[in-house]
Structure formats: C-alpha cells, structure tokens
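Tertiary structure, described
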Amino acid sequence: MPGLPHSLHALVTGGGRGIGREIASTLARAGATVTVIGRNRATLDAAVAAGSAHFAAVADVVDQASVSAAIAEAAVRQPIDILIANAGIAESAPFGKSDAALFKRMMDVNFMGVVHAVHAVLPAMRDQRYGRIIAVASTAGLKGYAYVSAYSAAKHAVVGLVRSLALELAGTRVTVNAVCPGFTDTDLLAGSIDNIMTKTGRSHEQAVAELAKHNPQGRLVTPSEVADTVLWLCGEGSGSITGQAIVVAGGEI
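Sequence order as written defines residue numbering, which begins from 1 separately in each chain. Restriction of local features to residues with pLDDT of at least 70 applies here, the model being predicted, together with a cutoff of 80 or more for giving and counting side-chain atom pairs; totals for whole chains, interfaces and linings are based on all residues. In computing side-chain properties, one takes all heavy atoms of the structure into account and sets aside hydrogens as well as water.

Things to note about the nonpolar core
One finds Ile-71, Leu-83 and Ile-133 to be the most contacted residues of the largest nonpolar core, which totals 36 residues. Helix and strand definitions here come from DSSP, where helices need a minimum of 4 consecutive H or I residues and strands a minimum of 2 consecutive E residues; each element is numbered from the N-terminal end. Those elements that provide at least two residues to this core are helix 3 (64-77), strand 4 (82-85), helix 4 (100-128), strand 5 (131-136), helix 5 (149-168) and strand 6 (174-181). Looking at this core, the element that brings in the most residues is helix 4, giving nine residues. We call two residues contacting when some pair of their heavy atoms lies within 4.5 Å. Once residues within four sequence positions are removed from consideration, Leu-83 is found in contact with Leu-11, Thr-13, Ala-117, Val-118, Val-121, Met-125, Arg-132, Ile-133 and Ile-134. In this text, buried Ala, Val, Leu, Ile, Met, Phe, Trp, Tyr and Cys residues form a nonpolar core when linked through side-chain atoms within 4.5 Å. Relative accessibility decides the category of a residue: with a 1.4 Å probe and only protein chains considered, values under 20% of the type maximum give buried, values over 50% give exposed, and everything between is partly exposed. The next biggest cluster of nonpolar side chains, apart from the first, holds 31 residues, and it includes Ile-23, Ala-28, Leu-44 and Val-226.

Regarding unusual backbone geometry
Here Arg-129, not a glycine, exhibits a phi torsion of approximately 55°, which is positive. As for its position among the elements, Arg-129 is in the loop between helix 4 and strand 5. Owing to a relative accessible area of 44%, Arg-129 belongs among the partly exposed residues under this scheme. Unusually for a residue other than glycine, Tyr-147 sits at a positive phi of about 75°. As for its position among the elements, Tyr-147 is in the loop between strand 5 and helix 5. Given the relative accessible area of 56%, Tyr-147 is considered exposed.

Quick word on the layout of surface pockets
Size it by volume and the second largest pocket reaches roughly 180 Å³. The method works on a 1 Å grid over the protein atoms by themselves. A cavity is a set of points holding a 1.4 Å probe that cannot get out, a pocket is an open set with protein on both sides within 12 Å along at least five of seven lines, and residues with an atom within 4 Å of a point line them. The wall of the second largest pocket is formed by 14 residues, among which Tyr-130, Arg-132, Arg-173, Thr-175 and Gly-239 lie closest to the centre. Counted by class, the lining of the second largest pocket contains six nonpolar, five polar and three charged residues. Grid points are joined across faces, edges and corners, and a volume is the space filled by probe spheres set on the points. Three residue categories are used. Nonpolar comprises Ala, Val, Leu, Ile, Met, Phe, Trp, Tyr, Cys and Pro, charged comprises Asp, Glu, Lys and Arg, and polar comprises the others, including Gly.

Structural notes on helix 8 (residues 223-234)
Spacing of three or four residues puts side chains on the same side of an α-helix, whose turn is 3.6 residues. Here the expected length of a helix is defined as 1.5 Å per residue gap, with one fewer gap than residues. Taking 1.5 Å per residue, twelve residues should reach 16 Å; helix 8 reaches 17 Å between its end C-alpha atoms and fits that length. Among the residues making up helix 8, those that are buried are Pro-223, Val-226, Ala-227, Thr-229, Val-230, Leu-231, Leu-233 and Cys-234. Lining the buried residues of helix 8 we find helix 1 (18-29), strand 4, strand 5, strand 6 and strand 7 (245-248).

Structural notes on the packing of helix 3 against helix 4
For every element, the axis is a line fit to its C-alpha atoms; helices are fit only across the contacting stretch, and the angle between N-to-C directions ranges from 0 to 180 degrees. Direction vectors running N to C along helix 3 and helix 4 enclose 40°, while the axes themselves pass 9 Å from each other. One way to sum up the angle between helix 3 and helix 4 is to call them oblique. The handedness of the crossing between helix 3 and helix 4 is right-handed. Residues Gln-64, Val-67, Ser-68 and Ile-71 of helix 3 form the contact with helix 4, whose participating residues are His-116, Ala-117, His-119, Ala-120 and Val-121. Oblique is the label for any angle not covered by the other classes, which are roughly parallel (under 35 degrees), roughly antiparallel (over 145) and roughly perpendicular (65 to 115). The handedness criterion is simple: a crossing whose near helix is rotated anticlockwise from the far helix by less than a right angle is left-handed, and one whose near helix is rotated clockwise is right-handed.

Thoughts on the sheet that holds strand 5
Taken together, seven strands build an open sheet; the order of strands is 3-2-1-4-5-6-7 and the sheet is parallel. Lying at the two open borders of the sheet, with one neighbouring strand each, are strand 3 (55-58) and strand 7. Averaged over all adjacent pairs, the angle separating strand axes in this sheet is 20°, with direction ignored. As paired strands, strand 4 and strand 5 are joined by four bridges and run parallel to one another. From the neighbouring strand, Ile-84 faces strand 5, where its bridge partner is Ile-134. Strands strand 5, strand 6 and strand 7 of the sheet are contacted by helix 5, whose axis makes an angle of about 155° with strand 6. The pairing criterion is simple: DSSP has to find at least two bridges between the two strands.

Considerations on the packing of aromatic side chains
Each pair of aromatic rings taken from Phe, Tyr and Trp, with Trp reduced to its six-membered ring, is defined by centres within 6.5 Å and is described as stacked if the planes are under 30 degrees apart, edge-to-face if over 60, and tilted in the remaining cases. All chains considered together, the criterion is met by two aromatic pairs. A ring pair is formed by Phe-95 and Phe-103, whose centres lie 6.1 Å apart and whose planes are at 80°; its orientation type is edge-to-face. Classification of Phe-95 as exposed rests on a relative accessible area of 59%. For the cation-ring pair, Arg-77 lies above Phe-55, with the distance from its terminal atom to the ring centre recorded as 4.1 Å. Charges are assigned to positions over rings by a cutoff of 6 Å between ring centre and Lys NZ or Arg CZ, combined with an angular limit of 35 degrees from the ring normal.

Let's talk about the pattern of salt bridges
Between Lys or Arg on one side and Asp or Glu on the other, a salt bridge is scored when a side-chain nitrogen of the former is within 4 Å of a carboxyl oxygen of the latter. Within the structure shown, the criterion is met by five salt bridges. For Glu-91, the salt bridge goes to Arg-105, with nearest N and O atoms at 2.9 Å. Of this pair, Glu-91 sits in the loop between strand 4 and helix 4 while Arg-105 is found in helix 4, placing the two residues 14 residues apart along the sequence. On the basis of relative accessibility, which here comes to 28%, the residue Glu-91 falls in the partly exposed class.

Comments concerning the packing of helix 4 against helix 5
Where helix 4 contacts helix 5, the two axes come as close as 7 Å, and the packing angle between them is 20°. The orientation of helix 4 with respect to helix 5, classified from their angle, is roughly parallel. Like other packed secondary-structure pairs, helix 4 and helix 5 cross with a definite hand, here right-handed. Of the residues in helix 5, those touching helix 4 at Leu-102, Phe-103, Met-106, Met-107, Asn-110, Phe-111, Val-114, Val-115, Val-118, Leu-122 and Arg-126 are Ser-149, Ala-150, Tyr-151, Ala-153, Ala-154, Lys-155, Ala-157, Val-158, Leu-161, Leu-165 and Glu-168.

Purely geometric stuff here, so don't read any function into it on its own.
Have a look at this one:
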C-alpha cells in the first residue's frame, strides 16, 4: 500500500461504518492520523478500538455548529490536512411521493453536510497552503436513477460544489475532488436491498442482482476499491488532480 507524503491528519465524516470506516482504516494504514466524526458514539468508539481511526468526535453533519466544534476539537491535536466528506443517507420514493421534507433530508445530510465540513476546515488549509478535500458522492451525482430523485439531486449538488470550489482554490495547494461509487456493498445498500425484497417479493440474491446489473462488471463495488481511490487522491502524485468526479463503478459511466 502506498504511503502518504508525511504525517497528515485526516478527518472522515460518517467514518464509523461502511465506506467511511474503510476510508479511515486505509488512510490510517498509510500513515495518517485519522479522526472520525459521526452521530453514534458507540460506532465511532468501535472504529477506534479496531484501529480504523485514532480519535473520534460526535457530531451531526446537518448541524453546522456541532460540525465546527468537533473539527475545532480535532484540529487542536493536529491541523487537518485531509477532509473526507463522506456522511450520507439514501431514501427512495417515486417523485410524486417525494415531498419537500424528503428533499430537505437528502439535501441537509448529503449536500449541506459537505458544505458545513468544508467551511470548518478550509480557512486553516488556505493558511497552511495545503489540503485535500474529497467528497464521497455517487454515480447518482452524474446520472439519474428512477425513484431516487431527491438523493440524486443532492449528489449532483455535491459534484457541482466540488467543480466550483476547485476553481476557486486552483492557485493554492488545496485540491477538491469527488469520488463517485456505484452500488457498493455496505450496510447502507442493505437497506435498499431489503426495500426491493419487501416491495417486489424478490429473494435477497435477486435484489442484489437488480442493483448489480447497473455495473457492466455485473457486481457490487467493494468499499476497499473506493478507499483506495481516495488514498490515491490524498497522495503527492495527485497534486494536479482537482475539480474531478472520479467514478468507481465498473464502467457504468
């Protein structure tokens, strides 16, 4: 596994489970000091106990004040060099049943959660003239899927933010990118699989196949594949990569 250029401090939102935890673990193994942020203290503590992270702080990414406080607490130990804005939720519904509250939930967590985290880390990154900001978006941020219009809209917003912010920061050594996984084998996806089974009567294997068919390789993406892409974006060799939405989806896009 490639290492990082020096002893960096990485902060991962939603780092207690799924893709976030795999990213945290991968960065820790590469030599970074890793702080994970999330809503569930027990989940975060378990990640630290397992060696996936060094420190944890409880914060809800929807709440800007709590995000700012948690990041300020982490930065006291060591300035933050890397932000992985990973926290997210997904809900599915036909557009006709996707009310304003559903759209607000998707935007608050998936988009404003990124905005809040970036606001908290960016001033120090500008001052130190170095930083890596990586948002975990989705293929849904680059194309449409039926029945997830609110989620897709939020992820499109994340990609737009990344592209615009990268241009603002192009004169610094702060890069801004998005990683866009396809359907990935996590507990978040398990909820979608259960939903398919409940609504269609399909078996677990059939429900998985329904999602995996979007991937030309005919499989789900693994969290480690997403994490390895993030690690590359954090390395010295990626200094000219900014404003990109990098797809990890077996050729889907």
